[in-house]
Amino acid sequence: MDSTDPNATPIVELRNIEKHFGSVIALAGVTVSVYPGECHCLLGDNGAGKSTFIKTMSGVHAPTSGEILVDGKPTRFANARSAIETGIATVYQDLAMIPLMSVTRNFWMGREPLRGTWPFRFFDVEKAGEITMQEMARMGINLREPSQAVGTLSGGERQTVAIARAVYFGARVLILDEPTSALGVRQTSNVLATIDRVRKSGIGVVFITHNVRHAMAVGDRFTVLNRGKTLGTASRGEVDVNELQDMMAGGQDMADLEGSLGGTV
Amino acid sequence: MSETATPDDERVREMSTFRRWLIRPELGSICGTILVFMFFISVASDSGMFSGRGVMNWTVVSAQFAIIAVGACLLMIAGEFDLSVGSMIGFSGVIIALMSVTWGYPMWIAIITAFVVALAIGWLNGYLVIKTGLPSFIVTLAFLYILRGLTIFLSISTTNKTIIGGVREKAEGDWLGNLFGGKIFKGLFTWMGENGWIETFERGNRAGQPVIEGIPMLIVWAIVLIVFAHVLLTRTRFGNWIYAAGGDAQAARYSGVPVNRVKILMFMFTAFCATVFATCQVMEFGSAAADRGLLKEFEAIISVVIGGALLTGGYGSVVGAALGALIFGVVQQGLFFANVESSLFRVFLGGILLLAVILNTYIRRLITGER
Ligand SMILES: Nc1ncnc2c1ncn2[C@@H]1O[C@H](COP(=O)(O)OP(=O)(O)O)[C@@H](O)[C@H]1O
Ligand SMILES: [Mg+2]
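Residues numbered from 1 in each chain as written. Chains lettered and ligands numbered in written order. Predicted model: local features only at pLDDT ≥ 70, side-chain atom pairs only at ≥ 80, totals over all residues. Heavy atoms only, no water.

**Points about the site of ligand 1**
All names here are of chain A. Neighbouring ligand 1 are Phe21, Ala26, Asp45, Asn46, Gly47, Ala48, Gly49, Lys50, Ser51 and Thr52. Within the contact set of ligand 1, an oxygen atom lies 3.3 Å away from a backbone nitrogen or oxygen of alanine 48. Contact between ligand 1 and threonine 52: an oxygen atom at 2.5 Å from a side-chain N or O atom of the residue. Bound to the protein, ligand 1 loses 59% of the 560 Å² it would expose on its own. (Near = heavy atom within 4 Å. Polar contact = N/O pair within 3.5 Å; in protein donor to acceptor, adjacent residues only side chain to side chain. Areas by Shrake-Rupley, 256 points an atom, 1.4 Å probe, with all protein chains shown as cover.)

**Here we look at the nonpolar core**
Taken as a class, soluble globular proteins show a tendency for nonpolar side chains to be buried jointly. B:Ile67, B:Leu74, B:Phe180 and B:Ile242 are the most contacted members of the largest nonpolar core, which has 116 residues in total. The leading source of residues in this core is helix H3 (residues 52-77) of chain B, at 17 residues. Non-local contacts of B:Ile242, meaning those with residues more than four positions away in its chain, are made with B:Leu74, B:Ile77, B:Ala78, B:Leu232, B:Leu233, B:Val262 and B:Met266. If you look at the next biggest cluster of nonpolar residues, it comprises 45 residues, including A:Val91, A:Phe107, A:Ile141 and A:Val150. (Core = buried A, V, L, I, M, F, W, Y, C linked by side-chain atoms within 4.5 Å. Buried < 20%, exposed > 50% of the residue type's maximum accessible area, 1.4 Å probe, protein only. Helix = DSSP H or I, 4+ residues; strand = E, 2+ residues; numbered from the N terminus. Contact = heavy atoms within 4.5 Å.)

**Side note on the environment of B:Phe81**
Residues and elements named next belong to chain B. By the element assignment, phenylalanine 81 lies in the loop between H3 and helix H4 (85-102). Considered as a pair, phenylalanine 81 and glutamine 209 are 128 residues apart in the sequence and their alpha carbons are 45 Å apart. Once you skip the residues sitting within four places of it in the chain, phenylalanine 81 turns out to touch Leu75, Met76, Ser136, Thr140, Phe267, Ile301 and Leu311.

**Thoughts on the confidence of the model for chain A**
In this model, chain A carries a mean pLDDT of 87, and residues with pLDDT of at least 70 account for 91%. No element of chain A has a lower mean pLDDT than helix H9 (residues 253-261) of chain A, which averages 53, and none a higher one than strand E1 (residues 12-21) of chain A, which averages 95. (pLDDT = per-residue confidence, 0-100.)

**Notes on the packing of aromatic side chains**
All names here are of chain A. If you walk through the whole model with that rule in mind, you get 25 aromatic pairs over all chains. Considering the side-chain rings of phenylalanine 107 and phenylalanine 169, the 6.0 Å spacing of their centres and the 45° angle between planes classify their relative orientation as tilted. One end of the pair, phenylalanine 107, is in helix H3 (residues 103-107); the other, phenylalanine 169, is in the loop between helix H5 (155-168) and strand E9 (173-177), with 62 residues separating them in the sequence. What makes phenylalanine 107 buried here is its relative accessible area of 0%. Classification of phenylalanine 169 as partly exposed rests on a relative accessible area of 24%. (Phe/Tyr/Trp six-rings, centres within 6.5 Å; stacked < 30°, edge-to-face > 60°.)

**Focus on the pattern of salt bridges**
In this structure the tally under the stated criterion is 16 salt bridges over all chains. With a closest N to O distance of 2.2 Å, A:Arg199 and A:Asp196 form a salt bridge. You can see A:Arg199 and its partner A:Asp196 sitting in helix H6 (residues 185-200), three residues apart, about one turn around the helix. Salt-bridge contacts for B:Lys296 lead to B:Glu299; the nearest nitrogen and oxygen are separated by 2.8 Å. Here B:Lys296 pairs with B:Glu299, and both are found in helix H14 (residues 296-306), just three residues apart, close to one helical turn. In the salt-bridge network here, residues are joined through shared partners; they are A:Arg115, A:Asp124, A:Glu126 and B:Arg235. (Salt bridge = Lys/Arg side-chain N within 4 Å of Asp/Glu carboxyl O.)

**Digging into the pairing of E1(A)**
Residue and element names in this part refer to chain A. Where E1 lies against strand E2 (residues 24-34), eight bridges are found, and the strand directions are antiparallel. Directly across from glutamate 13, in E2, lies its bridge partner serine 33. The antiparallel pairing of E1 with E2 creates a hairpin that spans two residues between the two strands, and glycine 22 there sits at a positive phi of about 60°. The sheet contact formed by E1 and strand E4 (residues 65-70) spans five bridges and is antiparallel. Each residue of the ladder has a partner; that of leucine 14, found in E4, is isoleucine 68. (Pairing = 2+ DSSP bridges.)

Structure (structure tokens):
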């Protein structure tokens, strides 16, 4: 596997990233890399700094210090746009989906296909609808019609629209911020299946979650964030659910807590 | 992979044709239009409301509403309001009259100046909303007062009057003036009159000429703006950005939509529409007055809401807004034809506004599935 090959270059690598918001130290030196075709899980409790970290990766925040390398070359993202242009696509926790708009209009938002020549250059609604239906079907969702509003989709389906959109527009790295946190069991397994599908197509996936079981289901490597710090990265097979759980909780309390709850956490 | 069956809990829900129609923004205004026409045909058909002249009367009034409603519609879908539309109408009109009549510039220069100034003010409205992050409601409310005050001040301080006449004489033969104050298809109407197909004057110095001598440019502007805005909204990339900016500005930004630019341009478009209205009105009346356009911003917003747009943005239709304007014009003039006390028009407006908002909220729930 690529991710364990020491000679392969990660698509993106972030080294010793620190991010301060005034006096708040959200990240205190985090190192993470993503290889093609792997699913790198970023675990951590609420407030650990996961969202801040991926916002740095996707160009929303400039790091206070630390290095970003794309294909091994040091890079600085001026803004989210420039990260997108290098192939880093992000599906945010709030999805960037507009419920009142149709799936097609959401899918193409900001990148609408055009037809004709100026000043008669129009949004090619038919083509857009056709491709949307096709891409959604590929992800296992059969739309009623391309003009169906996103608001009528379930949470899992919306997540899948967002992922399908990122993949269609040529993402090399796909960052998913807690895609499963608000979903039921069935929808979660659909999203996890989608992640697996995306990974197998050679895209590097960064999967953020605070649910260790979800991470174990699809992850190749795992990095645990705790209060803005990381204890390093482990590969699949090197750690088990309990160890990850302990690392997320800061290394000690979890065992006690688990004891008192009878191992249900 | 593509033939993966959809799991049970995410199945494709069937939607009845009825529901599908229900979620079209124009539905309410289509029903409203039919009801309004049925009502007036039954109570006022012998009043001359549906004679050539009567039709022209309410068509012109509806076209006036439509011109400002189109601007307000796109702006509302983009998630903002402009309460300074009425003041803008007064302001632009006074600029045109001052420049042409008082200061003697050619009419076309006066009109172009009014448009440039209006677009600049529209830009400023938008810029302030974007930069301060204040609700557009507040920023444009400020401009409602600022522009109205400036309009009165300008006309009093230069002419000692609040009404500036003599515009029609100045506009005579001016190419740009004719684009707003003229009539088209005059030949066609004369010809139709000669053939006895349309009503002609029977006596007086205009005997033999058609009662309706042509289509006023005001109506042409209304139609052009409606078509332009409808195509822009539904058939262009920019139209998708308008929906997106109003639906969820943050989500739109994440997807690379230049939300600020879209919103500022929509404020400018609203100011443009207000100035089209003002110019047509100044040409028609032959004068500008500092109190023109009072309450127009609300009439525009009501037309748009009757047309099915959501006050919260992201959803609406230009065709709906145009029908809202038609309902508005037909009822206002219809009550006059039917000899109903005109103050009842306000009662009607308030009532229909409430009804429209309630209906829209319900439809929004249908679309988004919220409870
Ligand atoms: N824009 C910001 N300004 C100030 N503090 C912030 C900002 N964004 C995040 N933080 C802080 O950084 C820490 C990490 O937050 P976040 O990255 O959202 O955590 P997570 O996504 O892991 O739940 C939190 O303490 C949060 O309050
Ligand atoms: Mg988060």
